[in-house]
Amino acid sequence: MTIERTFSIVKPDAVERNLIGAIYQRIESAGLKIIAAKMVHLSEDKAKGFYAEHEGKPFYDDLVAFMTSGPVMVQVLEGENAIARYRELMGKTNPEEAACGTLRADYAQSMRLNSVHGSDSPVSAAREIAYFFAEDEICPR
Ligand code: RTP
Ligand code: MG
């Protein structure tokens, strides 16, 4: 059994549509624990740094503009195989390809406005958690 931590964002499109509670409920119902959370409005620099791996790609500028368009909720999730399980709960990047019952199938509006983010590997999770949270802001239980 591997207890992992992963990093999650409820993106601006979902915050704007009052979906924070619905998404938190789905996370908790899936057995993942929210062990840190806060609302932030990303600056351009913060969003660019977060998505640095995509710099230069055709969608990068639009992605940064979207992620800075309104507040987001950022969370640390903990649980058994949390990284893969949360990716599964989110569904594919493109909501048209996301499996029924996933967050993106149910809530995403487009490939860009896709409601949630989740780390894609242990290395990404460690970087992303540290990018937003100090160790004393994380409350494991
Ligand atoms: P995320 O990082 O947000 O969890 O999403 P992901 O791993 O499923 O997808 P990724 O390839 O990392 O892309 C990051 C975000 O960029 C936007 N995107 N737009 N072709 C496009 O217009 C396009 N491709 C990606 C999405 O918001 C995606 O979640
Ligand atoms: Mg990604």
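Since the model is a prediction, treat every value here as computed from it, not as a measurement.

S.K.: Is there a simple way to explain the pattern of salt bridges in this structure?
M.R.: Scanning all chains against the criterion turns up seven salt bridges. Between lysine 38 and glutamate 137 there is a salt bridge; the shortest N-O distance is 3.3 Å. You can see lysine 38 sitting in strand S2 (residues 33-40) and its partner glutamate 137 sitting in the segment after helix H7 (122-132), a full 99 residues away along the chain. By relative accessible area, which is 23% here, lysine 38 ends up partly exposed.

S.K.: It is not clear to me how the sheet that holds strand S1 (residues 3-10) should be interpreted in this structure. Could you clarify?
M.R.: Neighbouring strands of a sheet are bound in pairs by backbone hydrogen bonds; such pairs are parallel or else antiparallel. Taken in spatial order, the four strands line up as S2-S3-S1-S4 in an open sheet, and their pairing is antiparallel. In this open sheet, the two strands that pair with only one neighbour each are S2 and strand S4 (116-118). Within the sheet, the average angular offset between the axes of one strand and its neighbour, ignoring direction, is 20 degrees. Relative to strand S3 (residues 72-80), S2 runs antiparallel, the two sharing seven bridges. Within the sheet, the bridge partner assigned to lysine 33 lies in S3 and is glutamate 78. Of the strands in this sheet, S1, S2, S3 and S4 touch helix H2 (residues 20-29), which is tilted by about 160 degrees from S2. Docked against the sheet, H7 engages S1, S2, S3 and S4, running at close to 55 degrees with respect to S1.

S.K.: Could you clarify how one ought to interpret the UniProt feature "domain: Nucleoside diphosphate kinase-like" (unreviewed entry) in the protein in this entry?
M.R.: Residues annotated by UniProt as "domain: Nucleoside diphosphate kinase-like" (unreviewed entry) correspond here to residues 3-140. Within the segment residues 3-140, helix and strand shares are 40% and 20% respectively, and the terminal C-alpha atoms sit 11 Å apart.

S.K.: How do you make sense of the UniProt feature "active site" (unreviewed entry) in the protein when you look at a structure like this?
M.R.: The positions UniProt marks with the feature "active site" (unreviewed entry) are His117. By secondary structure assignment, the location of histidine 117 is in strand S4. Dropping the residues within four chain positions of it, histidine 117 is found in contact with Phe7, Ser8, Ile9, Lys11, Phe50, Tyr51, Tyr86, Met90, Arg104 and Glu128.

S.K.: Help me understand unusual backbone geometry in this model?
M.R.: Trans peptide bonds make up the majority, and among non-glycine residues the majority have a negative phi. Backbone geometry at asparagine 81 places phi at a positive 45 degrees, although glycine is not the residue there. Take asparagine 81: it is sitting in the loop between S3 and helix H5 (82-90). Assessed through its relative accessible area of 36%, asparagine 81 is described here as partly exposed. Of note in this structure, serine 115 is not a glycine but carries a positive phi near 70 degrees. Relative to the helices and strands, serine 115 resides in the loop between helix H6 (103-107) and S4.

Definitions and limits used
- Residues numbered from 1 in each chain as written.
- Chains lettered and ligands numbered in written order.
- Predicted model: local features only at pLDDT ≥ 70, side-chain atom pairs only at ≥ 80, totals over all residues.
- Heavy atoms only, no water.
- Salt bridge = Lys/Arg side-chain N within 4 Å of Asp/Glu carboxyl O.
- Helix = DSSP H or I, 4+ residues; strand = E, 2+ residues; numbered from the N terminus.
- Buried < 20%, exposed > 50% of the residue type's maximum accessible area, 1.4 Å probe, protein only.
- Pairing = 2+ DSSP bridges.
- Axes fitted to C-alpha atoms, helices over the stretch in contact; angles between N-to-C directions.
- Contact = heavy atoms within 4.5 Å.
- UniProt positions renumbered as here; feature names shortened; annotations may be inferred.

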